[in-house]
Structures are given as structure tokens and as C-alpha cells.
Amino acid sequence: MEKIATLIKRASLNVNQLDSIKIGDLLSDEYGKSGKVCEIEKVNRHGEFHYYFKLFKSGTILIIL
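Figured I'd write up the structure that's included with this text. The model shown is predicted, which means the values in this text are computed figures rather than measured ones.

1. Details of the environment of E41
Reasoning step 1: As for its position among the elements, E41 is in strand β3 (residues 34–45).
Reasoning step 2: Sequence spacing of E41 and I4 is 37 residues, and the spatial spacing of their C-alpha atoms is 23 Å.
Reasoning step 3: In this view, E41 contacts H50, Y51 and Y52; residues no more than four positions away in its chain are not counted.

2. Here we look at the sheet that holds strand β2 (residues 26–29)
Reasoning step 1: Taking strand neighbours across the sheet as the criterion, the five strands line up as β1-β2-β3-β4-β5 in an open arrangement whose pairing is mixed. Edge positions in the sheet fall to β1 (6–8) and β5 (59–64), since each has one partner strand and no second. Pairs of neighbouring strands in the sheet enclose a mean axial angle of 35 degrees, with direction left out of account.
Reasoning step 2: In the sheet, β1 pairs with β2 via three bridges, with the strands oriented parallel. Paired with L7 across the strands is S28, a residue of β2.

3. Remarks on the environment of G35
Reasoning step 1: Relative to the elements of secondary structure, G35 occurs in strand β3.
Reasoning step 2: A relative accessible area of 16% places G35 in the buried class.
Reasoning step 3: Separated by eleven residues in the primary sequence, G35 and G24 place their C-alpha atoms 9.4 Å from one another.
Reasoning step 4: Aside from chain neighbours lying at most four places away, what touches G35 is D25, L26, L27, L55 and S58.

4. Here's the deal with the pairing of β2
Reasoning step 1: Pairing analysis gives three bridges linking β2 to β3, with the strands arranged antiparallel. What sits directly across from S28, in β3, is S34.

Rules behind the numbers
- Residues numbered from 1 in each chain as written.
- Predicted model: local features only at pLDDT ≥ 70, side-chain atom pairs only at ≥ 80, totals over all residues.
- Heavy atoms only, no water.
- Helix = DSSP H or I, 4+ residues; strand = E, 2+ residues; numbered from the N terminus.
- Contact = heavy atoms within 4.5 Å.
- Pairing = 2+ DSSP bridges.
- Axes fitted to C-alpha atoms, helices over the stretch in contact; angles between N-to-C directions.
- Buried < 20%, exposed > 50% of the residue type's maximum accessible area, 1.4 Å probe, protein only.

Right, here's the structure in full:
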């Protein structure tokens, strides 16, 4: 069975939704970048949460909340 990619829309995200994404999940953003998550980095800086989702062979999706 084929997995369906989780669509990330930056305007409607919250921390709980981002925390639920795990390595191996398929991810897609509203700009067309998509792929399988191979690494996740979470940074709390000056009251902002920075989420870096490194995709296998597709680059990185950065979300700042």
C-alpha cells in the first residue's frame, strides 16, 4: 500500500502537528517540495521554533513558528 504525503501549510500549523512528524514520513509543502523525511532538527531560538525537515534527495523544508 502506498503512503500519502502529509501536506504542510505554513499558515495553519501548530507545534503539536510538527512534533507528530517522524523520520520516514512522507512530507509535502505548499510550494511543491516533497520527499521522505530522513532527519529532523528542532531549534528554539529567541521564542521562535525552527523545524528543519531534511528530505531524502529533495533538500530541506524549514518551518518557523
